[in-house]
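Each chain, written out:
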Amino acid sequence: MRHPTRPIFLSGASRVAGLLLAASCLSSAWAQAPATPSAPPAAAPAATAGIQSANIMDVKPEASAEPGYASQTNGERGKVQPGNNAPMWRQVGAGVSGFSSLPPSQAPEAGNLIQPFVQYPGSSLTNAGEAWRQVRNNWLIPYGGALLLIVLGAIALFYVSKGTIKQHGANTGRKIERFTPFERSAHWSNAIAFCILAISGIVIAFGKYFLLPVLGLTLFGWLSYALKNLHNFAGPVFAVSLVIIFVTFVRDNLPSRGDLTWLLKGGGLLSGKEVPSHRFNAGEKLVFWAGVFALGLVVVGSGFVLDKLLPGLSYERGTMQIAHMVHAAATVLMMALFIGHIYIGTIGMEGAYQGMKTGYVDETWAREHHEYWADDIQAGRIPAQRSEATAPGQTVRV
Ligand code: HEM
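Each value, and the rule that gives it
- Residues numbered from 1 in each chain as written.
- Predicted model: local features only at pLDDT ≥ 70, side-chain atom pairs only at ≥ 80, totals over all residues.
- Bend = angle between axes of the 7 residues up to and from the residue.
- Helix = DSSP H or I, 4+ residues; strand = E, 2+ residues; numbered from the N terminus.
- Buried ≥ 20, exposed ≤ 12 C-beta atoms within 10 Å, placed from the backbone.
- Contact = placed C-beta atoms within 7 Å.
- Near = placed C-beta within 6 Å.
- Nonpolar A, V, L, I, M, F, W, Y, C, P; charged D, E, K, R; others polar.
- Axes fitted to C-alpha atoms, helices over the stretch in contact; angles between N-to-C directions.
- Parallel < 35°, antiparallel > 145°, perpendicular 65-115°, else oblique.
- Left-handed = near helix turned anticlockwise from the far one by under 90°.
- Arc of directions from axis to C-beta.

Q: Before we move on, could you go through helix α5 (residues 181-210) and cite the residues and values that matter?
A: The largest bend in α5 comes to about 55°, at Ile204. Residues of α5 that are buried: Ala186, Asn190, Ala193, Phe194, Leu197, Ala198, Ser200, Gly201 and Val203. Where the residues of α5 are buried, they touch α7 (217-249) and α10 (317-348).

Below you can see the structure in the form of structure tokens.
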């Protein structure tokens with residue numbers, strides 16, 4: 001049970017409404033309280049002029065010997081000890097809902113200042129706002145941040161020790177269309193939206209640790225405000241392009257011959273001899289199903305709740321807290337996965353970025369990295385040119 005003299009902490013979404021409500025309650029409740037030596041009226045700041053605060057233990061007359069003192073209602077307490085509103089505050093702190101004339105359909109939580117007690121995974125049993133704060137500050141921020149730094153560090157170590165995966169053979173000059181213009185525009189729309197979301201999300205979650213000390217309060221305040229709005233708008237763009245990406249690439253990401261061998265041998269990354277694969281190897285398929293599909297669903301679903309875009313849902317504090325925790329955990333995992341994808345797609349593997357930039361790869365690249373795919377193209381089972389566009393240095397075949 002909360003000690004009556006302790007302040008009541010409000011957190012998250014409830015803070016502003018709570019403080020306003022608390023201030024108005026306090027002003028009427030404490031206006032009747034007798035002045036005490038512990039809080040001389042002269043010391044009150046201008047904004048709170050007229051409100052006299054008092055330690056509940058000092059409110060006279062002392063009445064704790066009254067029968068049933070601990071279980072008194074606020075009305076009963078007021079009779080024996082005017083000005084002591086501890087029973088009311090105990091109820092507020094325990095999440096009891098009071099009366100509100102606002103319609104519940106529009107303001108379902110109007111009568112409730114502090115949410116009832118819950119225990120979110122990783123929090124203690126406490127009021128929901130505080131439980132959410134504990135999960136965020138004790139788990140999501142430190143462990144999420146650590147995971148991202150560990151992944152970045154591991155990739156940097158790998159790059160320093162192994163370097164870029166080179167193409168061994170010489171280019172043949174014969175080009176294969178790896179990605180059509182449609183596939184590339186879907187990919188890059190999604191990648192750009194992802195980068196905007198990742199950067200803005202990192203600033204929102206971790207910026208106060210690494211940017212605030214450099215930029216100062218005003219600049220950091222404006223920057224995070226701007227990025228937060230950008231985040232809200234980039235989210236739906238990411239969601240739509242993610243669906244297009246899924247539909248476009250799902251066929252070639254279905255399990256196929258050689259995937260298990262590829263996984264068991266780790267793609268041949270350590271042995272230096274790449275394991276044959278079809279158009280996408282098992283590592284890419286893993287990123288597709290875990291990152292694009294599973295995490296994509298969770299990240300987009302929870303993001304839509306936070307953006308209040310799902311119709312028919314009651315957007316209460318608890319809904320937002322749960323959506324936030326799910327969103328933060330899933331996006332950190334997604335970023336960790338895609339840091340690996342971005343590494344391989346840029347400096348990690350020679351020729352990969354060119355494939356997604358121009359749409360074409362050389363036959364040698366295809367054979368070295370996706371042998372079964374190259375076989376299928378050579379045998380005519382898959383066309384080397386799928387779109388109407390022309391490969392660099394080639395004429396259209398009619
Ligand atoms: C700056 C960020 C990114 C870069 C530089 C990048 C780069 C690349 C490159 C070079 C490829 C071709 C790989 C190959 O030829 O096998 C590729 C494929 C692909 N990328 Fe990205 N990418 C980025 C972000 C993303 C994001 C955010 C997603 C999805 C959320 C994504 C999903 C895919 C998919 C689905 C493929 C096809 C391969 C597969 O299905 O596994 N990419 N990317």
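Q: I'd like a description of the site of the ligand, backed by residues and values.
A: Near the ligand there are 24 residues, and of these Ala191, Phe194, Glu284, Gly345 and Met356 occur at the shortest range. For the shell around the ligand, the secondary-structure elements that each account for two or more residues are α5, α7, α9 (282-306), α10 and α11 (352-358). Class assignment of the residues belonging to the shell around the ligand gives a composition of 15 nonpolar, 7 polar and 2 charged.

Q: Lay out the packing of α7 against α9 in plain terms, naming residues and giving numbers.
A: Where α7 contacts α9, the two axes come as close as 10 Å, and the packing angle between them is 150°. The angle between α7 and α9 falls in the class roughly antiparallel. At the point where α7 passes α9, the crossing takes the left-handed sense. Listed contacts from α9 to Gly235, Ala239, Leu242, Ile245, Phe246 and Phe249 of α7 are Phe288, Val292, Phe293, Gly296, Val300 and Gly303. Here the residues of the contact of α7 with α9 sort into 9 nonpolar, 3 polar and no charged.

Q: Outline helix α3 (residues 86-93), supporting the account with residue identities and numerical values.
A: Along α3, the positions that sit buried rather than exposed are Ala86, Trp89 and Val92. Viewed end-on, α3 has its buried residues packed into an arc of 120°, placing them on one side of the element. Following α3 by one or two positions, Gly95 has its phi on the positive side, about 90°.

Q: Outline the environment of Ala329, listing residues and values.
A: Position of Ala329 relative to the elements: it lies in helix α10. The exposure class assigned to Ala329 is buried, which follows from the 20 C-beta atoms found within 10 Å. Linking Ala329 and Gly144, residues 185 residues apart in sequence, is a C-alpha distance of 7.2 Å.

Q: Any details on the environment of His341? Residues and values, ideally.
A: Positionally, His341 belongs in helix α10. By C-beta crowding, His341 is classed as partly exposed, having 18 other C-beta atoms within 10 Å. C-alpha of His341 to C-alpha of Gly283: the two residues are 58 residues apart in sequence and 9.5 Å apart in space.

All quantities given are derived from atomic positions and should not be read as evidence of function.
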